[in-house]
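Letter by letter, the chains look like this.
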Number of protein chains: 2
Amino acid sequence: MQRFEVWAPRAERVEVEVGGRRTPMAPVPGRRGWYAAEVGDAGPGVAYAFVLDGGELRPDPRSPSQPEGAFGPSVTVDHAAFPWTDDGWGGVRLSSAVVYELHVGTFTPEGTFEAVIDKLDHLVDLGVTVVELLPVNEFPGTRGWGYDGVELYAPHHHYGGPEGLKRLVDACHQRGLGVVLDVVYNHLGPAGNHLAEFGPYFTDRYYTPWGDAVNLDGPGSDEVRAFFVENACMWLRDYHFDGLRFDAVHALVDTSAMHLLEELAIAVEHLSTELARPLFLVAESDLNDPRVVRAREVGGYGIDAQWSDDFHHALHAVLTGERTGYYADFGSMAQLATALRQAFVYAGEYSPHRDRRHGRLDPLLPGDRFLGYLQNHDQVGNRAVGERSSMLMSPARLKVAAALVLTAPFVPMLFQGEEWGSSTPFQYFTDHHDPELGRAVSEGRRSEFASFGWKPEDVPDPQDPATFTRSKLDWSEAAAPAHAELLEWHRRLIALRRSLPGLLDYRLDQVRVDVDEHARWLVLRRPGVTVACNVGDSAVEVDAPGELVLSSDNDVKAGEGRVHLPPDGVGVLVDG
Amino acid sequence: MQRFEVWAPRAERVEVEVGGRRTPMAPVPGRRGWYAAEVGDAGPGVAYAFVLDGGELRPDPRSPSQPEGAFGPSVTVDHAAFPWTDDGWGGVRLSSAVVYELHVGTFTPEGTFEAVIDKLDHLVDLGVTVVELLPVNEFPGTRGWGYDGVELYAPHHHYGGPEGLKRLVDACHQRGLGVVLDVVYNHLGPAGNHLAEFGPYFTDRYYTPWGDAVNLDGPGSDEVRAFFVENACMWLRDYHFDGLRFDAVHALVDTSAMHLLEELAIAVEHLSTELARPLFLVAESDLNDPRVVRAREVGGYGIDAQWSDDFHHALHAVLTGERTGYYADFGSMAQLATALRQAFVYAGEYSPHRDRRHGRLDPLLPGDRFLGYLQNHDQVGNRAVGERSSMLMSPARLKVAAALVLTAPFVPMLFQGEEWGSSTPFQYFTDHHDPELGRAVSEGRRSEFASFGWKPEDVPDPQDPATFTRSKLDWSEAAAPAHAELLEWHRRLIALRRSLPGLLDYRLDQVRVDVDEHARWLVLRRPGVTVACNVGDSAVEVDAPGELVLSSDNDVKAGEGRVHLPPDGVGVLVDG
């Protein structure tokens, strides 16, 4: 006996098809728009689909598994049946975390959950404490970043489905690693999205980069919101995730008195109490709005942390000299100093790239409300050919970058392969089977970069399987001498971060940054710790107290309160 | 010598035409998109217009005066030249106010600012302390509610222009009356709106009932926001207004880190300090979101108060039995009690009319964050034939309504003529000169009410001048015996409100309300004061302590802690 339920207020007649037999579903008393049916000979692992008003077979919007892909039937899952071995797992705190972002499809040659498990010891050895997975829910095809997902409750079949994902999370916990999942609530992918047939999931009152916005505040929106809130709780409860990362929350237009993000924060807070382990929520936000991460008591949404793109952009622009696109808003040493002191470089200032004032400051926010990084899937993959930082700067400068990320007053995050300066790119790849959509994606990509001066033939075709293959990490590099020094540098920086309490002190009013715009040096002072770096063309000598405990280069020398830094030299000093 | 300035980033070439002569305007250094020119022989009172890229003559978006109407030339005004006589004016506090909403065009037979002055003594005598004017800025034609305005800085020429408005505000202040102006920042009228030719005032990323939303958070939005913020300050500074009422703030879609409402609140707070008198801001909000009126320190926008439509709807539905449209969400005595205790009846509950949960509660908000009313221009005028409450209920019941509004823990507001139960309707009227637009408005109105069962010929034509004339107050009624009792009732209730400190105690946790859903009585207890009313069909006797100080009817009798109430009887008791 299996009970099937679906919210389908737009249908007059709903059926569930199991084993070729259709069973009419009845309205559920007291639950507007819900239909349910019990099917006698069905149980866990059975394939099913819904039929609305006698139309085509449709997967369950909340399908727990799509073993034949996004367009195939849904399959029931008994979450209680999985043999978890993480009973003693007490969870992780974001504030002491070192996060590592990885994409299951390209992290290993196999591109599966199972294969990730084999690499976890590398992460533990590096000092990582939290793994963040790019979206793993079902998207059409087998190659994709995951942001085109259409079945939000089903782990991708090609990665290994529900079983595989649970094994991966379990294996992480066994090794003391927390796991965060990237979830996309601002849109669904362009193919295989049938939600609008079921109910008012979308609205044309707001427009987003992906078309109609999700309906978070119009008629029928309660169930749309519940669809996302229950999805968040499902990953945390049934898959034992430790946290979630919400994609592009600026595209969640919600004018209701309780923003969806706050509703999510409240639901997850309750779940954390119920599960008796810490859970955390991270937002990708382009708003520079402190409200996202401010406590609910003072009018915030209560999200634990957000990605700090301003810190990234300030750092990247200084280190690469790039000034195109949004980097036009960045580039000075002073901005990098501002980023280190307050995360938001734009806190009410005019942004030339946006042609408006942007952001606002909340001086009371601590630094662990922000993730700091040199790279992430977007900053690498949204470049024309997916170049990593290692293709844009010298090995010495990469060390400076790593030192700043790993000593900054933010929760540090690395992107897969960054630790050894991977030479493989991370490009934009898709696997749309609809030829028209595939062509549109390929051409859209080419024309997007034509405006930056790229020739069409130089921009990799997202639909080409080689673009995906090219983006896979080459693990033979990790052990190669050419990469060993950078890997060791990351390991030592992470170890230092975990051993020096001053680096885990997130009070931003305890941070001091001095820079010289002309000579291009920067000194970051945190309680008991000083980080001095030189990204200028000439050697410099700057004031920096304490004993040198880590240096990128033998030419970095400290003494009598001064440190000598060659170009692209960096040193970490600890107060005596 | 007169300096002309305009923000016109969409133009390549801007000229100002004065006296038939065009002067090229030059970009203003340091002010993106601004053009300026000094014209030698121009001064205050001179007519001018702008020419963008050699196109047609356009009025100044910030025109201070449009003596020939919305489509005519702009005329300069020297605000410093007006002979103000309100030097000693110290301003008013909203919390002790009794507000009176009036529409200049229909308040008097003449329909001018000057004619309003003659009626101010009536308001003083009634006990009103604050006059609220429906929008007075220039709109096309001569008949209109004012929400189709297109020159936001110019008082309507037909009402009496800048001089007339200043004389009215001055006359109010001389009589101790504060004055609030209704301003519309969420859209511009459908005719005569040329702002988009000047700059990115509008955006298609959001959709409102009036079409494209104003651009508050996209490229170029800084100047759009400044256009509104400086408009707000202009009315308060140059016209000596005491406060502003922001129309339909739910249609101000603003995802930036500083919502326009908060920016307005900050600017007006600064101006209040500068002018050394209290200024207040009131919002019309359909959001039931406490954030609008919550203090900025706890994440609110810092608006002083908002209209309480929930209180209106709860009261109206109970008193009239109406259940169509949004009244479907109301009608129980319990909801009226909830409204009296917390303003928002919908504070997270499911609203059938909206088909979603609506609103949220902030138990810390005091009652003077809300205006309470039985009627306003919308609640009367948005009915098919503009019926006032006096056309929907008995005189006795009107007394009950007035007693509840004027003893409720909210800032009370009356709508022009309500105090004497005016028999004239307040209908929807327009004066569009474009025949196509006029026809669309007339037909739109008819079809809107067809869905409520109204025959087309029974819905007044907004474009018909008779619809306007019919909506004018008949002042002969005010003194007529048939209306005298209700007028006196309002006068006594207002006097009571101003004399009993318990009625000006806005702590909502000090409010107790008991109701009987079946017998339909309600007892409102405020510190030291009890208000008991009966809207059932039979006489009732209810617990109510104190001495009867006001009763609607000789059959209302109190004694030994009980009060006897005939149907539609109400009494106010004061603790001994």
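Residues numbered from 1 in each chain as written. Chains lettered and ligands numbered in written order. Predicted model: local features only at pLDDT ≥ 70, side-chain atom pairs only at ≥ 80, totals over all residues.

Residues and elements named next belong to chain B. One closed barrel accounts for eight strands, arranged β9-β10-β13-β16-β17-β18-β21-β22; its pairing is parallel. Shown here is a sheet whose adjacent strand axes are inclined to one another by a mean of 30°, direction ignored. Pairing of strand β18 (residues 305-307) with strand β21 (residues 370-373) involves two bridges; the strand directions are parallel. Among the inter-strand pairings, Trp307 is bridged to a residue of β21, identified as Leu371. (Pairing = 2+ DSSP bridges. Helix = DSSP H or I, 4+ residues; strand = E, 2+ residues; numbered from the N terminus. Axes fitted to C-alpha atoms, helices over the stretch in contact; angles between N-to-C directions.)

Let's shift gears to the sheet that holds strand β27 (residues 547-551) of chain A. Residues and elements named next belong to chain A. With antiparallel pairing, the five strands of this open sheet are ordered in space as β23-β24-β25-β30-β27. Looking at which strands have only one partner, the edges of the open sheet turn out to be β23 (512-516) and β27. Averaged over neighbouring strand pairs, the angle between their axes works out to 20° when direction is ignored. The sheet contact formed by strand β25 (residues 529-534) and strand β30 (residues 569-574) spans six bridges and is antiparallel. In the sheet register, Asn534 faces β30, and the bridge partner there is Gly569. Each of β23 and β24 (521-526) is contacted by helix α8 (residues 333-342), which is oriented at about 175° to β23, the strand it contacts most. (Contact = placed C-beta atoms within 7 Å.)

What follows deals with the nonpolar core. Formed by 263 residues in total, the largest nonpolar core has its most connected members in A:Cys533 and B:Cys533. The contacts of A:Cys533, once residues within four sequence positions are left out, are A:Val400, A:Ala403, A:Leu404, A:Trp521, A:Leu522, A:Leu565, A:Gly569 and A:Val570. (Core = buried A, V, L, I, M, F, W, Y, C linked by C-beta atoms within 7 Å. Buried ≥ 20, exposed ≤ 12 C-beta atoms within 10 Å, placed from the backbone.)

Now for the relation of the copies chain A and chain B. Relative to chain B, chain A is turned by 180° and slid 0.0 Å along the rotation axis, the superposed coordinates differing by an RMSD of 0.0 Å. The superposition operator between the copies reduces to a two-fold rotation axis. When the interface residues of chain A are mapped onto chain B, 100% of them are again interface residues, pointing to one common binding face. (Least-squares fit on C-alpha atoms with pLDDT ≥ 70 in both.)

All names here are of chain B. With a phi close to 50°, Asp53 is a non-glycine residue in the positive phi region. Relative to the elements of secondary structure, Asp53 occurs in the loop between β6 (47-52) and β7 (57-58). The phi angle at Glu560 is positive, at roughly 50°, despite the residue not being glycine. Tracing the backbone through its elements, the reader meets Glu560 in the loop between β28 (557-559) and β29 (562-565).

The next thing to look at is the environment of A:Ala49. Residues and elements named next belong to chain A. Summarising the element assignment, Ala49 is placed in strand β6 (residues 47-52). Judged by the 18 C-beta atoms lying within 10 Å of it, Ala49 is partly exposed. Distance from Ala49 to Phe113, taken between C-alpha atoms, is 26 Å for residues 64 residues apart in sequence. If we skip the residues at most four places from it in the chain, Ala49 touches Glu17, Leu57, Arg58, Pro59, Pro73 and Ser74.

This part is about the confidence of the model for chain A. Looking at chain A as a whole, the pLDDT averages 96, with 100% of positions reaching at least 70. Predicted complex metrics record ipTM = 0.93 and pTM = 0.96. (pLDDT = per-residue confidence, 0-100.)

Domain annotation for chain A reports domain 1 (2-58), domain 2 (97-184 + 223-432) and domain 3 (433-463). Computed over C-alpha atoms, the centres of domain 1 of chain A and domain 2 of chain A are 36 Å apart. (Domains from an automatic or database assignment.)

We now examine the interface of chain A and chain B. Across the contact, 28 residues belong to chain A and 28 residues belong to chain B. Broken down by secondary-structure element, the contributors of at least two residues to the side of chain A that touches chain B are β14 (202-208), α5 (221-238) and β20 (356-358) of chain A. With four residues, β14(A) is the largest single contributor of residues to the side of chain A that touches chain B. Each residue belonging to the side of chain A that touches chain B can be placed in one class, and the counts come to nine nonpolar, eight polar and 11 charged. (Nonpolar A, V, L, I, M, F, W, Y, C, P; charged D, E, K, R; others polar.)

All names here are of chain B. Here Thr112 lies in the loop between α1 (104-107) and α2 (113-126). Placed 28 residues apart in sequence, Thr112 and Trp84 show a C-alpha to C-alpha distance of 19 Å. Once residues lying within four places of it in the same chain are set aside, the contact partners of Thr112 are Val104, Tyr159, Gly160 and Gly164.

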